[in-house]
Amino acid sequence: MPELEDYSGEFIPDVRIEDFSKEILTRWSAEFGRQHLLQSGLWFNYFRTKMGVQIADESHWQIWEELQEVHEEDRPKVALDMWGHDIEACLKWFQMDMDFMDWDIDCEMKNPEHGVITVWNCSALRHFEKHNDMALLENACGLDVWGFPKALTRICPDAHTVCIECPPRKSKDRPSCVWDVKLDPEHKLSWICPDLPEYAQRAQRKAAAEFHRRYRYPYRYLISKRNPRKK
């Protein structure tokens, strides 16, 4: 049977996913990515209305941590046989994760120990900007700023992932977010980017504190340049 360009014709009793063209499967996977993020946004807004912002925030982060650690991280690796433990493997995972199927992402390998991830078209950010929902933006983007470093460290234990640009954007010409991924076997690089908004720095401090407990990093790497406790 020739590849199907759509499913507008007659019903096919034994149709399979592999019967469709690459273009159709690409569009279909993008829709799955949108739906995945939409479910998260609808869930958060429902909890925010019924139970308040604090409980919604805490529950949202807890659910995503369990989802990512148990399912979201491993399933793409199993499906695509991606089992590396280096910076290249981190970038591969970022390219193939379900959440990002509808995003326009540039992944650049500067060298074997350094990669940069630039997200140019984030469907979630488009929604936040359209509806001017800063509470949902800060929750969702803060979740990423905290969660992506943890996810990539589970792939490469010596990976150091820091968001260096995130919403709100200064202009629509800017990327949605930018991530710096470096190999840091001695765990000496700072987890904090002082140029980010305060909500993002809070998320980075949360991630840094968790890494500190896990790897016993020196406490000085938990403190932002803008933290008044730093002398």
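Residues numbered from 1 in each chain as written. Predicted model: local features only at pLDDT ≥ 70, side-chain atom pairs only at ≥ 80, totals over all residues. Heavy atoms only, no water.

Caption draft 1: Highlighting the confidence of the model for the protein chain. Taken as a whole, the protein chain shows an average pLDDT of 83; of its residues, 89% reach a score of 70 or greater. Within the protein chain, no element has a lower average pLDDT than helix α2 (residues 53-72), which sits at 72, and none a higher one than strand β4 (residues 177-183), at 97. Low pLDDT (under 50) marks residues 217-231, which in the prediction has 31 contacts with non-local residues, meaning those over four places away or in another chain. (pLDDT = per-residue confidence, 0-100. Helix = DSSP H or I, 4+ residues; strand = E, 2+ residues; numbered from the N terminus. Contact = heavy atoms within 4.5 Å.)

Caption draft 2: Geometry of a nonpolar patch on the surface. Together, Ile 17, Trp 28 and Phe 32 line one region of the surface with nonpolar side chains, adding up to about 310 Å² of accessible area. When you line up the elements, Phe 32 lands in helix α1 (residues 22-51). (Patch = residues over 30% accessible without salt bridge, like charges linked within 9 Å, V, L, I, M, F, W, Y side chains within 5 Å. Areas by Shrake-Rupley, 256 points an atom, 1.4 Å probe, with all protein chains shown as cover. Salt bridge = Lys/Arg side-chain N within 4 Å of Asp/Glu carboxyl O.)

Caption draft 3: Inspection of the packing of aromatic side chains at higher detail. Counted under the stated rule, the structure contains five aromatic pairs. Ring centres of Phe 94 and Phe 148 lie 5.1 Å apart, and the angle between their planes is 75 degrees; this geometry places the pair in the edge-to-face category. With Phe 94 in helix α4 (residues 87-96) and Phe 148 in helix α6 (residues 134-155), this residue pair connects regions lying 54 residues apart in the sequence. Classification of Phe 94 by relative accessible area gives buried; the value is 1%. We classify Phe 148 as buried; its relative accessible area is 5%. Through a chain of ring-to-ring contacts, the aromatic side chains of Trp 93, Phe 94, Phe 148 and Trp 179 assemble into a single cluster. (Phe/Tyr/Trp six-rings, centres within 6.5 Å; stacked < 30°, edge-to-face > 60°. Buried < 20%, exposed > 50% of the residue type's maximum accessible area, 1.4 Å probe, protein only.)

Caption draft 4: Quick peek at α6. For α6, which comprises 22 residues, the first-to-last C-alpha distance of 31 Å matches the rise-based estimate of 32 Å (1.5 Å per residue) to within 8%. Considering bend angle alone, the principal kink of α6 is centred on Gly 147 and spans about 30 degrees; proline Pro 149 follows within four residues of it. Burial analysis of α6 places 17 of its 22 residues in the buried class, the great majority of the element. For α6, the N-terminal cap is Asp 133; the gap from its side-chain oxygen to the backbone nitrogen of Ala 135 is 3.4 Å. (Expected span 1.5 Å × (residues − 1). Bend = angle between axes of the 7 residues up to and from the residue. Polar contact = N/O pair within 3.5 Å; in protein donor to acceptor, adjacent residues only side chain to side chain.)

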